[in-house]
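The lines below spell out each chain.
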Amino acid sequence: MKPVLNILYRGPLESCNYDCHYCPFAKKKNTRKELLYDKACLDKFVDWVSQQPYTISILFTPWGEALIRNYYQAAIIGLSQLPNVKKVAIQTNLSSQLAWLEKTNKSKVALWTTYHPTEIKMAQFVEKCQQLITLNIKFSVGIVGKTAHFSEAQQLRDSLPKSVYVWVNA
């Protein structure tokens, strides 16, 4: 029996397109050189995964927002097509365009999304969630557990189908 590997990938990316006051990743912007290095690391990882004889599940938890980068989208698409990849999931603020998800093997892709009330209107975020439902992409929705966000957390729960798992990040 082949071993199953569960991999948490956290590359050198450490910047975000959001500016949440409570988040350290909003305070840094990667340079072009750093982004090229991040891409090289990700490409090396994807190549390594493609050569493994093991069944692999991958969770990307970047120190920032990765899906605004085309090379992360391409990596998710490519990994989802590999026969040895069971699942590929990524943490995201859901700010990128979503049409690229059409190219994935949807049975293997999942998004761990987080709603940031200071950065996007709830109606816009819920619309993004509706797009994921239409695309048949598995996802969960979270919100940072700040006291100021409690009423919005309830409103978010009420705005989404009951089948969508909603969580609060402590």
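Here the structure is shown first, and the text comes after it.
Quick look at the structure, then. (Residues numbered from 1 in each chain as written. Predicted model: local features only at pLDDT ≥ 70, side-chain atom pairs only at ≥ 80, totals over all residues. Heavy atoms only, no water.)

### Focus: the overall build of the protein
Link 1 in the chain: Assigned secondary structure in the protein consists of four helices and six strands.
Link 2 in the chain: Its helices and strands in sequence order give the protein the pattern β-α-β-α-β-β-α-β-α-β, from N to C terminus.
Link 3 in the chain: Over its C-alpha atoms the protein spans a radius of gyration of 16 Å, differing by no more than 12% from the 15 Å that the globule rule assigns to 170 residues.
Link 4 in the chain: Within the span of the protein, comprising 170 residues, buried residues form 47% of the whole. (Helix = DSSP H or I, 4+ residues; strand = E, 2+ residues; numbered from the N terminus. Rg over C-alpha atoms; globule rule 2.2 N^0.38 Å. Buried < 20%, exposed > 50% of the residue type's maximum accessible area, 1.4 Å probe, protein only.)

### Section: the packing of aromatic side chains
Link 1 in the chain: Applying the stated criterion across every chain yields a total of eight aromatic pairs.
Link 2 in the chain: An angle of 35 degrees between the planes, with centres 4.6 Å apart, marks the rings of Tyr 9 and Phe 45 as tilted. Separated by 36 residues along the polypeptide, Tyr 9 in strand β1 (residues 4-9) and Phe 45 in helix α1 (residues 32-50) bring together distant segments of the chain.
Link 3 in the chain: Here Phe 45 falls in the buried class, since its relative accessible area comes to 11%.
Link 4 in the chain: Considering the side-chain rings of Phe 60 and Tyr 72, the 6.2 Å spacing of their centres and the 85 degrees angle between planes classify their relative orientation as edge-to-face. (Phe/Tyr/Trp six-rings, centres within 6.5 Å; stacked < 30°, edge-to-face > 60°.)

### Side note on the sheet that holds strand β2 (residues 55-60)
Link 1 in the chain: The strand order β1-β2-β3-β4-β5-β6 describes an open sheet built from six strands, whose pairing is parallel. Only two strands of the sheet have a single neighbouring strand rather than two, namely β1 and β6 (165-169). Sheet twist, expressed as the mean angle between neighbouring strand axes with direction ignored, is 15 degrees.
Link 2 in the chain: Packed on one face of the sheet, helix α4 (residues 150-159) meets β4 (109-115), β5 (138-144) and β6 and runs near 160 degrees to β5. (Pairing = 2+ DSSP bridges. Axes fitted to C-alpha atoms, helices over the stretch in contact; angles between N-to-C directions. Contact = heavy atoms within 4.5 Å.)

### Structural notes on the side chain of Lys 128
Link 1 in the chain: Mapped onto the fold, Lys 128 is located in helix α3 (residues 122-135).
Link 2 in the chain: Although buried, Lys 128 forms no salt bridge, and the nearest oppositely charged side chain, Glu 127, lies 9.0 Å from it. (Lys, Arg positive; Asp, Glu negative; His and termini not counted. Salt bridge = Lys/Arg side-chain N within 4 Å of Asp/Glu carboxyl O.)

### Some points on the environment of Glu 127
Link 1 in the chain: For Glu 127, the position within the fold is in helix α3.
Link 2 in the chain: Accessibility expressed as a relative area gives 43% for Glu 127, which makes it partly exposed.
Link 3 in the chain: For the pair Glu 127 and Ser 159, spaced 32 residues apart in the sequence, the C-alpha separation amounts to 10.0 Å.

### Details of the pattern of salt bridges
Link 1 in the chain: For the coordinates displayed, the defined rule picks out two salt bridges.
Link 2 in the chain: Two residues, Glu 102 and Lys 106, come together in a salt bridge whose shortest N-O distance is 3.1 Å.
Link 3 in the chain: Taking relative accessible area as the criterion, Glu 102 reaches 47% and is therefore assigned partly exposed.
Link 4 in the chain: For Lys 106, a relative accessible area of 22% translates into the label partly exposed.

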